[in-house]
Amino acid sequence: MFKNLLNFFYLVLIGFFGLFFVVIFIFYFYGKDLPSFDKLSYYQPRLVSKIFTSNGNFLEDYSTENRVFSSYEEIPRELINCFLVSEDINFFNHIGIDYKGIARAFYKNVLKTFSNKRLEGASTITQQVAKNFLLSNEISYTRKIKEIIIALRMEKVLEKEQIMELYLNEIYLGNGSYGIASASLNYFNKSLSNLDLHEMAMLAALPKAPSTYNPYRNPVKAMKRRNWVLKRLFDEKFIDLDTYTSVLNEKLVLTKSKK
């Protein structure tokens, strides 16, 4: 009996060290050509270049992406909470990756192997920022491994507030909008500080599928997704019951510009 237990212990120990060295090899193999810590430290999102005439009058924007940068201090806390509940509720606690989320997504993807359903990514906010360093948006385990490595490196050199700032200025929110400030202007013609809570929830509803939840093209789906974000705010105790019930039936008033 004792000998069998000892053999089992040895097998577990060998398996543990074997898995450990496999993980080390994978991180070395896929991480050697990825951005260094220095490059991550100085990373900035692509911004709109504004062209002015010689006398100082505005002429035009020059950029492939419509983006207006907002510092972390300029972003309302309520808006940050909306993105936390919709994208990554454990953002301020994890190390860049969500182990439970990865395991859950892996299990669901195995079940979807023989179906045409879209695979789940289980990406944290840090991973979504990290994805911008990669050349492709392909859904593959190789890209996911690289994304995880960059996310772990990013968490070592950047504060959580810096990562959130990059994310909210990088994220594509449909309607030609890159970043929350641009989206706020395009959808509601408002600055971030003037947004109502239900409008913030609408913006946070968009990253999952900007086209599907575009309030111009799919108002019913957009409202359902927005209300889901509001429910998540209530569930996570960011808002009380009175606030939740009062904003749930608020109608979206969009600007007339539509892209």
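Remember, it's a predicted structure, so these values are computed and weren't measured experimentally.

What counts and what doesn't
- The residue numbering used here restarts from 1 in each chain and proceeds along that chain's sequence as written.
- Only residues with pLDDT of 70 or above have their local features reported here, since the model is predicted, and side-chain atom pairs are shown and tallied only from 80 upward, although totals for entire chains, interfaces and linings are computed over all residues.
- Excluded from the side-chain calculations are hydrogens and water; all other atoms, namely the structure's heavy atoms, are used.
- Runs of E in the DSSP output that reach at least two residues are strands. Runs of H or I that reach at least four are helices, and both are numbered from the N terminus.
- Residue burial is assigned from relative accessible area. The probe radius is 1.4 Å, only protein chains are included, and a residue is buried under 20% of its type maximum, exposed over 50%, and partly exposed in between.
- Each accessible area value is a Shrake-Rupley result obtained with a 1.4 Å probe; residue values ignore everything except the protein chains displayed when judging cover.
- Whether two residues are in contact is decided by their heavy atoms, any of which lying within 4.5 Å being enough.
- Axis lines are fitted to C-alpha atoms, over the contacting stretch for helices. Their N-to-C directions set the angle, which ranges from 0 to 180 degrees.
- Any angle that falls under 35 degrees is termed roughly parallel, while one over 145 is termed roughly antiparallel, one within 65 to 115 roughly perpendicular, and all others oblique.
- Only Asp, Glu, Lys and Arg are considered charged, only Ala, Val, Leu, Ile, Met, Phe, Trp, Tyr, Cys and Pro nonpolar, and every remaining residue, Gly among them, polar.
- Each reported salt bridge corresponds to a side-chain nitrogen of Lys or Arg within 4 Å of a carboxyl oxygen of Asp or Glu.
- The patches described consist of residues with a relative accessible area above 30% and no salt bridge, like charges being joined within 9 Å and nonpolar side chains (Val, Leu, Ile, Met, Phe, Trp, Tyr) within 5 Å.
- For the charge count, each Lys or Arg is scored as positive and each Asp or Glu as negative, with His and the chain ends excluded.
- Here the site of a charge means NZ on Lys, CZ on Arg, CG on Asp, or CD on Glu.
- As used in this record, nonpolar core signifies buried Ala, Val, Leu, Ile, Met, Phe, Trp, Tyr and Cys residues forming a set joined through side-chain atoms within 4.5 Å.
- Two rings belonging to Phe, Tyr or Trp (six-membered ring only in the last case) form a pair when the distance between their centres is within 6.5 Å. Interplanar angles under 30 degrees mark stacking, angles over 60 mark edge-to-face geometry, and anything in between is tilted.
- Consider the ring centre and the ring normal. A charge sits over the ring if Lys NZ or Arg CZ is within 6 Å of that centre and within 35 degrees of that normal.

## Concerning the overall build of the protein
Alright, step 1. The helix and strand inventory of the protein stands at eleven helices and two strands.
Alright, step 2. What you see in the protein, going N to C, is helices and strands ordered as α-α-β-β-α-α-α-α-α-α-α-α-α.
Alright, step 3. Evaluated residue by residue, the protein yields a buried proportion of 42% over its 259 residues.
Alright, step 4. When the accessible surface of the protein is summed, it comes to about 15900 Å², and 59% of that surface belongs to carbon and sulfur atoms.

## So, unusual backbone geometry
Alright, step 1. Of note, the phi angle at Asn189 is positive, near 55°, even though the residue is not glycine.
Alright, step 2. Relative to the assigned elements, Asn189 resides in the loop between helix H8 (180-188) and helix H9 (197-205).
Alright, step 3. Note on Asn189: relative accessible area 58%, which makes it exposed.

## What to know about helix H3 (residues 77-87)
Alright, step 1. Summarising burial for H3: nine of the eleven residues are buried, a large majority.
Alright, step 2. Every buried residue of H3 is listed here: Leu79, Ile80, Asn81, Cys82, Phe83, Leu84, Val85, Ser86 and Glu87.
Alright, step 3. Looking at the buried residues of H3, the elements they touch are helix H5 (125-130), helix H7 (160-170), H8, H9 and helix H10 (219-235).

## Observations regarding the packing of H10 against helix H11 (residues 241-248)
Alright, step 1. Put simply, H10 and H11 touch, their axes get as near as 10 Å, and they point 175° apart. Taken together, the axes of H10 and H11 lie roughly antiparallel to each other. On the side of H10, the interface is formed by Arg226, Asn227, Leu230, Lys231 and Phe234, while H11 contributes Leu241, Tyr244, Val247 and Leu248.
Alright, step 2. Within the contact of H10 with H11, the residues separate by chemical class into six nonpolar, one polar and two charged.

## So, the pattern of salt bridges
Alright, step 1. Here the structure, examined in full by the defined rule, presents six salt bridges.
Alright, step 2. Of the charged contacts, one joins Lys160 and Glu155 as a salt bridge, the two residues approaching to 2.8 Å between their closest N and O atoms. Each member of the pair, Lys160 together with Glu155, is buried.
Alright, step 3. A salt bridge links Lys231 to Asp235, with the nearest nitrogen and oxygen atoms 2.9 Å apart. Placement of the pair is Lys231 and Asp235 together in helix H10, with a separation of four residues, close to one helical turn.
Alright, step 4. A relative accessible area of 34% means that Lys231 is categorised as partly exposed.
Alright, step 5. Counted as one network, the salt bridges with shared partners bring together Lys190, Asp196 and Glu199.

## Overview of a negative patch on the surface
Alright, step 1. Residues Glu73, Glu74, Glu159 and Glu161 make up a contiguous surface patch of negative charge.
Alright, step 2. Take Glu74: it is sitting in the loop between strand S2 (58-62) and H3.

## Focus on the nonpolar core
Alright, step 1. Residues Cys82, Phe83, Met164, Tyr167, Leu168, Ile180 and Leu203 are the most contacted members of the largest nonpolar core, which totals 51 residues.
Alright, step 2. Only H3, H5, helix H6 (141-157), H7, H8, H9, H10 and H11 provide two or more residues apiece to this core.
Alright, step 3. It is H9 that contributes the most residues to this core, seven residues altogether.
Alright, step 4. Contact partners of Cys82, with chain neighbours within four places excluded, come to Leu197, Met200, Ala201, Ala204, Val229 and Leu233.

## Some words on the packing of aromatic side chains
Alright, step 1. Per the counting criterion, the structure on display carries six aromatic pairs.
Alright, step 2. Ring geometry for Phe91 against Phe92: centres 4.9 Å apart, planes inclined by 75°, an arrangement best described as edge-to-face.
Alright, step 3. The exposure class assigned to Phe91 is buried, which follows from its relative accessible area of 0%.
Alright, step 4. Measuring from ring centre to ring centre gives 6.0 Å for Tyr187 and Tyr216, while their planes differ by 25°; the resulting arrangement is stacked. Placement of Tyr187 in helix H8 and of Tyr216 in the loop between H9 and H10 is noted, with a sequence separation of 29 residues between them. Of the two residues, Tyr187 and Tyr216, both sit in the buried class.
Alright, step 5. Following the ring pairs from residue to residue traces out a cluster consisting of Tyr187, Phe188 and Tyr216.
Alright, step 6. Positioned above the aromatic ring of Phe91 is the side chain of Lys160, whose terminal nitrogen or guanidinium carbon lies 4.6 Å from the ring centre.
Alright, step 7. Sitting over the face of the ring of Tyr213, Arg225 holds its NZ or CZ atom 5.5 Å from the ring centroid.

Note that all results are geometric; they support no functional claim without further evidence.
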